[in-house]
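In case you want the letters, here they are:
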Amino acid sequence: MVSNPVHGLPFLPGTSFKDSTKTAFHRSQTLGYRNGYAIVRRPTVGIGGDRLQFNQLSQAELDELASKAPVLTYGQPKQAPPADFIPAHVAFDKKVLKFDAYFQEDVPMSTEEQYRIRQVNIYYYLEDDSMSVIEPVVENSGIPQGKLIKRQRLAKNDRGDHYHWKDLNRGINITIYGKTFRVVDCDQFTQVFLESQGIELNPPEKMALDPYTELRKQPLRKYVTPSDFDQLKQFLTFDKQVLRFYAIWDDTDSMYGECRTYIIHYYLMDDTVEIREVHERNDGRDPFPLLMNRQRMPKVLVENAKNFPQCVLEISDQEVLEWYTAKDFIVGKSLTVLGRTFFIYDCDPFTRRYYKEKFGITDLPRIDVNKQEPPPVKQELPPYNGFGLVEDSAQNCFALIPKAPKKDVIKMLVNDNKVLRYLAALESPIPEDKDRRFVFSYFLATDMISIFEPPVRNSGIIGGKYLGRTKVVKPYSTVDNPIYYGPSDFFIGAVIEVFGHRFIILDTDEYVLKYMESNAAQYSPEALASVQKHVRKLEAPASESESKQTEKDPGVQELEALIDTIQKQLKDHSCKDNIREAFQIYDKEASGYVDRDMFFKICESLNVPVDDSLVKEVTCKQLLLPAFTFPNPVWIPLCGL
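All of these numbers come straight from a predicted model, not from anything done at the bench.

### Some remarks on the nonpolar core
With 29 residues, the main nonpolar core has Phe440 and Phe490 as its most contacted residues. Looking at this core, the elements with two or more residues in it are strand E17 (419-427), strand E18 (437-443), strand E19 (448-453), strand E21 (495-498), strand E22 (501-508), helix H10 (510-518) and helix H11 (525-550). Non-local contacts of Phe490, meaning those with residues more than four positions away in its chain, are made with Tyr422, Phe440, Tyr442, Ile449, Tyr485, Ile496, Ile505 and Tyr523. Counting residues in each nonpolar core, the second largest holds 25 residues, with Phe245, Tyr266, Val273 and Met297 among its members.

### Quick notes on the sheet that holds strand E5 (residues 130-135)
With antiparallel pairing, the six strands of this open sheet are ordered in space as E6-E5-E4-E3-E8-E7. Bordering the open sheet on either side are strand E6 (146-152) and strand E7 (172-176), each of which pairs with just one other strand. When strand polarity is set aside, the average angle formed by the axes of neighbouring strands in this sheet is 30°. In the sheet, E7 pairs with strand E8 (residues 179-186) via five bridges, with the strands oriented antiparallel. Counterpart to Asn173 in the pairing with E8 is Arg182. Lying over the sheet, helix H4 (residues 188-196) contacts strand E3 (96-106) and E8, oriented at roughly 115° with respect to E3.

### Quick word on the sheet that holds E19
Pairing between the strands of a sheet comes from backbone hydrogen bonds, and it takes one of two forms, parallel or antiparallel. Read across the sheet, six strands follow the order E20-E19-E18-E17-E22-E21 without closing on themselves; strand pairing throughout is antiparallel. Looking at strand neighbours, the two that pair on one side only are strand E20 (464-470) and E21, the edges of this open sheet. If you compare each strand with its neighbour and ignore which way they point, the axes differ by 30° on average. Note that E17 and E22 share six bridges and pair antiparallel. Across the sheet, Leu423 pairs through a bridge with Asp507, a residue of E22. Along the sheet, H10 contacts E17 and E22; its crossing angle with E17, the most-contacted strand, is approximately 115°.

### Here's the deal with the pattern of salt bridges
A complete count under the given rule lists 24 salt bridges for this structure. For Arg118, the salt bridge identified is with Glu105, shortest N-O distance 3.1 Å. A residue pair is termed long-range when its members are at least 10 positions apart, and Arg118 in strand E4 (residues 115-125) and Glu105 in strand E3 qualify at 13 residues. Residue classification places Arg118 among the buried positions, given a relative accessible area of 8%. We note a salt bridge from Asp346 to Arg352, for which the minimum N-O separation is 2.8 Å.

### Comments concerning unusual backbone geometry
Of note, Asp271 is a non-glycine position whose phi angle comes to about 60°, a positive value. Phi is positive for Leu338, which is not a glycine, with a value near 55°. Assignment of secondary structure puts Leu338 in the loop between strand E15 (334-337) and strand E16 (340-347).

### Focus on the confidence of the model for the chain
Predicted confidence across the chain gives a mean pLDDT of 81, with 80% of residues reaching 70 or more. This stretch, residues 620-641, has a pLDDT under 50; its non-local contacts, to residues over four places away or in other chains, come to 39 contacts.

### As for the side chain of Ser530
Along the chain, the position of Ser530 falls in helix H11. Ser530 sits in the buried class, given a relative accessible area of 17%. Here Ala527 takes part through its backbone oxygen, which lies 2.6 Å from a polar atom of the side chain of Ser530. Setting aside chain neighbours within four positions, we find Ser530 in contact with Phe491 and Ile492.

What counts as what
- Residues numbered from 1 in each chain as written.
- Predicted model: local features only at pLDDT ≥ 70, side-chain atom pairs only at ≥ 80, totals over all residues.
- Heavy atoms only, no water.
- Core = buried A, V, L, I, M, F, W, Y, C linked by side-chain atoms within 4.5 Å.
- Buried < 20%, exposed > 50% of the residue type's maximum accessible area, 1.4 Å probe, protein only.
- Helix = DSSP H or I, 4+ residues; strand = E, 2+ residues; numbered from the N terminus.
- Contact = heavy atoms within 4.5 Å.
- Pairing = 2+ DSSP bridges.
- Axes fitted to C-alpha atoms, helices over the stretch in contact; angles between N-to-C directions.
- Salt bridge = Lys/Arg side-chain N within 4 Å of Asp/Glu carboxyl O.
- pLDDT = per-residue confidence, 0-100.
- Polar contact = N/O pair within 3.5 Å; in protein donor to acceptor, adjacent residues only side chain to side chain.

Laid out in structure tokens, this is it:
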């Protein structure tokens, strides 16, 4: 019968009691991790945390069960094979015994010490029973230190026996090459290894100290400082302490001068000053590191030392009343060194701490020395000299080698070969200029104007090109902002002033009217109406003349047909120009007529083939129509001129 483990009663209905305070009914965890590996643990508590009652075996019983061979089941067990042989250099690889020791060394040539204690470390290598002695290196000791005895097997007596790890222990003396070492202690690994091998270790001893080294650690005796400044104390106190200042030398007032940056070093150990240049990449200067070598800088010279040859001899205290010191270098102040005035604008953090501790100056802010760039100077063009266009003349002020001003390529492509032509009269008080007529050509692609004067015979004025292609500036416009004439300024009755000459627009061609109607937004309604009205006036008489021409006499029409036939015969003749000159010579009165005999004589002299029947017929027609006025002389249409 199973009894109740809690109350000692049989585990039967009615004799077992349920714990009403129990709230946890989970199973205990039997899985875990150790060193990264999953392991299984035997549960020690049941559901709800109740401890399980089971028989725990001791370690001895477990070992007995593990080594017990099941003889009855499997018979006599076989003998286990011997363990594998492991050589010493493998079993004791990288296993070293370390002992702390010291030895005493005599110092016969010193009055301050008679002997010296030198601490060493003795290493014993288990893999080959070798030993080495190493002394830790002490800085500035003046003694050769490091490896005293290199690794080797050391003899312990005259018979040639070598030291073994069994011969080593704490609190013993060992002699190596005539020197006696006192072993005082060992490390933890050495202690565990020797105890595992059954060696009883002596208690550790205290390491002996060097008396001279301990004497040096004592505080120095205080001496009365002499009245003069102790330079040695300054050297030892401020060794490797340097004040760094950032300064500029502004030489922009001189020709080709500039503002350059420097670094000033003030050495506290000997009150010397050094000035170094700050080079930037591609600054165009030779990379000299120093502007001034490290030296003491005089601040005030004696009166007689002004003519002292400083470039030959070194200045001494006899020629200087006062030297530059650290208090003369303050951020925000200027100082003159070798004739150059340096402005200090910043320093490093160490310098700020030094001034705070030494002089109590805490406010040393950085000063901004970057000069703001002046506003760009407005380029003022010189007054226009009247030659060429204003844009072309202005290019000489923008570049050393002037370039042509940029053109509106789109406008040139759209308005290519588009020309507006106008007939104009010159407004002048001179009577001879009243009958002069000019043809204005406005080129839409470039907004340029050209003026042509048709030659008039016996007028006394040479016609031809009056003005080449150019832009014409409107009157009363400024030189800085010139306003040129545009298409909207040309209409019937408009006054165009060209370089002091006034012209009045009298007539236009049909293309101008078509252009104005297609681009009516560019023109005023009055300008468009003036052109349309003028064109209508011209169309009315033209229609009347056409109707009259249709009513011409048949004889006149026949005469014109004969003249056209003669012109066709002479049109392709090579001496056409000579024919014109010959007729002009014989027509002395410039009437445009020659008689029949003279006509045939001129044609025969120039070898011009002329049909005699046609000439006779033309002559007859002229005689039959004496009242008809030809538009041109007879010989002019005959020659095709």
